[in-house]
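The primary structure of each chain is shown beneath.
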Amino acid sequence: MIITIGREHGSNGHDIARELARQLDYQCYDKEIVDHAAEQSGFSKEIFDSYDEKKVSAYVVPTPHYMGMGEGFRLNMQVASAQFDAIRMLADRGNGIFVGRCADYVLRNRKDLVRVFIMADKHFRVKTLMERKGIDAEQAKKLMRQVDKDRASYYKYYTDQIWGEAENYELCVDSSTIGVAGAVEVIKAYIAAKEKAQA
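The shown structure was predicted, so the numbers you read here are calculated from the model rather than taken from an experiment.

Peer 1: Quick rundown of the sheet that holds strand β1 (residues 2–7)? Include the residues and the values.
Peer 2: Read across the open sheet, the five strands follow the order β2-β3-β1-β4-β5; overall the sheet is parallel. Edge positions in the sheet fall to β2 (27–29) and β5 (171–174), since each of these pairs with one other strand and no more. Direction aside, neighbouring strands of the sheet carry axes that sit 20° apart on average. Across four bridges, strand β4 (residues 113–119) lies against β5 in parallel orientation. Residue V116 lies in a different strand from β5, and its bridge partner there is L171. Contacts from helix α1 (residues 13–24) reach β1, β2, β3 (96–99) and β4 within the one sheet, and its direction differs from that of β1 by about 160°. Contacting β2 and β3, helix α2 (residues 31–41) runs over the sheet at an angle of about 80° to β2.

Peer 1: Describe in detail the packing of helix α6 (residues 122–133) against helix α7 (residues 137–159), supporting the description with residues and values.
Peer 2: Taken N-terminus to C-terminus, the directions of α6 and α7 make an angle of 110°; their axes are 9 Å apart at the nearest point. Regarding the angle of α6 to α7, the classification is roughly perpendicular. On α7, the residues touching K122, R125, V126, L129, M130 and K133 of α6 are A137, A140, K141, L143, M144 and D148. Class assignment of the residues belonging to the contact of α6 with α7 gives a composition of seven nonpolar, no polar and five charged.

Peer 1: Tell me about the environment of I33, and please be specific about residues and values.
Peer 2: For I33, the location among the structural elements is in helix α2. When its relative accessible area of 0% is taken as the criterion, I33 is described as buried. For the pair formed by I33 and D85, sequence separation is 52 residues and the distance between their alpha carbons is 9.7 Å. Not counting chain neighbours up to four residues away, the residues in contact with I33 comprise Q83, A86, I87, F98, V99 and R101.

Peer 1: Can you break down the state of the cysteines residue by residue, with the values?
Peer 2: For the coordinates displayed, the defined rule picks out zero disulfides. Free cysteine C102: the closest other cysteine sulfur is in C172, separated by 16 Å. Residue C102 is classed as buried on the basis of its relative accessible area, which comes to 3%.

Peer 1: With reference to specific residues and values, describe the environment of D104.
Peer 2: Mapped onto the fold, D104 is located in helix α5 (residues 103–106). Separated by 102 residues in the primary sequence, D104 and I2 place their C-alpha atoms 9.5 Å from one another. When residues no more than four places from it in sequence are discounted, the contact partners of D104 are T4, L113, R115, Y155, N168 and Y169.

Peer 1: Just give me the short version of the packing of aromatic side chains, but keep the residues and values in it.
Peer 2: By convention here, two paired aromatic rings are described through the distance between centres and the angle between planes. Summed over the entire model, instances satisfying the criterion amount to six aromatic pairs. Ring pairing ties together the aromatic residues F84, Y154, Y157 and Y158, which thus form one cluster. Taking the ring centre of Y105 as reference, the NZ or CZ of R108 above it sits at 3.8 Å.

Peer 1: Report on the packing of α1 against helix α8 (residues 175–198), specifying residues and quantitative values.
Peer 2: For the pair α1 and α8, interaxial distance at closest approach is 10 Å and the crossing angle is 40°. It follows that α1 is oblique to α8 by the angle criterion. In this structure, α1 crosses over α8, and the sense of that crossing is right-handed. Counted together, D15, I16, E19, L20, Q23 and L24 of α1 and S175, V180, A183, V184, E185, I187, K188 and I191 of α8 form the full contact between these two elements. Residue classes in the contact of α1 with α8 are distributed as eight nonpolar, two polar and four charged.

Peer 1: Account for the pattern of salt bridges, with residues named and values stated.
Peer 2: If you walk through the whole model with that rule in mind, you get 16 salt bridges. As a salt-bridge pair, R151 and E53 come within 3.9 Å of each other at their nearest N and O atoms. Here R151 is found in helix α7, whereas its partner E53 is found in the loop between α3 (45–51) and α4 (69–91), with 98 residues between them in sequence. The residue R115 makes a salt bridge to E170 at a minimum N-O spacing of 3.7 Å. In this pair, R115 sits in strand β4 while E170 sits in the loop between α7 and β5, placing the two residues 55 residues apart along the sequence. Residue classification places E170 among the partly exposed positions, given a relative accessible area of 24%. One network of salt bridges, with partners in common, ties together R7, E53 and R151.

The rules behind each value
Residues numbered from 1 in each chain as written. Predicted model: local features only at pLDDT ≥ 70, side-chain atom pairs only at ≥ 80, totals over all residues. Heavy atoms only, no water. Pairing = 2+ DSSP bridges. Helix = DSSP H or I, 4+ residues; strand = E, 2+ residues; numbered from the N terminus. Axes fitted to C-alpha atoms, helices over the stretch in contact; angles between N-to-C directions. Contact = heavy atoms within 4.5 Å. Parallel < 35°, antiparallel > 145°, perpendicular 65-115°, else oblique. Nonpolar A, V, L, I, M, F, W, Y, C, P; charged D, E, K, R; others polar. Buried < 20%, exposed > 50% of the residue type's maximum accessible area, 1.4 Å probe, protein only. Disulfide = S-S within 2.5 Å. Phe/Tyr/Trp six-rings, centres within 6.5 Å; stacked < 30°, edge-to-face > 60°. Lys NZ or Arg CZ within 6 Å of the ring centre and 35° of its normal. Left-handed = near helix turned anticlockwise from the far one by under 90°. Salt bridge = Lys/Arg side-chain N within 4 Å of Asp/Glu carboxyl O.

Here is the structure:
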């Protein structure tokens, strides 16, 4: 089974993915996707980090200072393509959990795919980010909005779909009501039910 997990910033989606992978004995790919893509493509990990799930624009893109807009935009496309190739390659290795990076869309034609989105109450996410990053409430709100905006832009550009919209996923889980452990149990129950239905 291949599981993809989209997540709002501060919803503990990463922690849920890691714990789910541990319990299922699956591989978990989050930043590991970036590492594999960098190894395969020849681009530096720093370049991948600068473009990873960032806002995409044909006119203004996050580029190194020495690079023109056109060059930066082409590099953005190459980096994304390399990441998507890495996702497909890693999925072909067997059971795995993929966090973000349009994996749900990239792997959409697989019959063994489960697409999950983790959301959470805004107050919960702000509190989580404050504790995790050691920042105040205003900084946490700003960070939450910016990261979600970047992820939504990235997802929209490469999939032409709305990030976080229920119809793009099989299961949407509110981690602020049931926590990491509860979210893991819900996802496991869904997987078991799907496997039983397909048997």
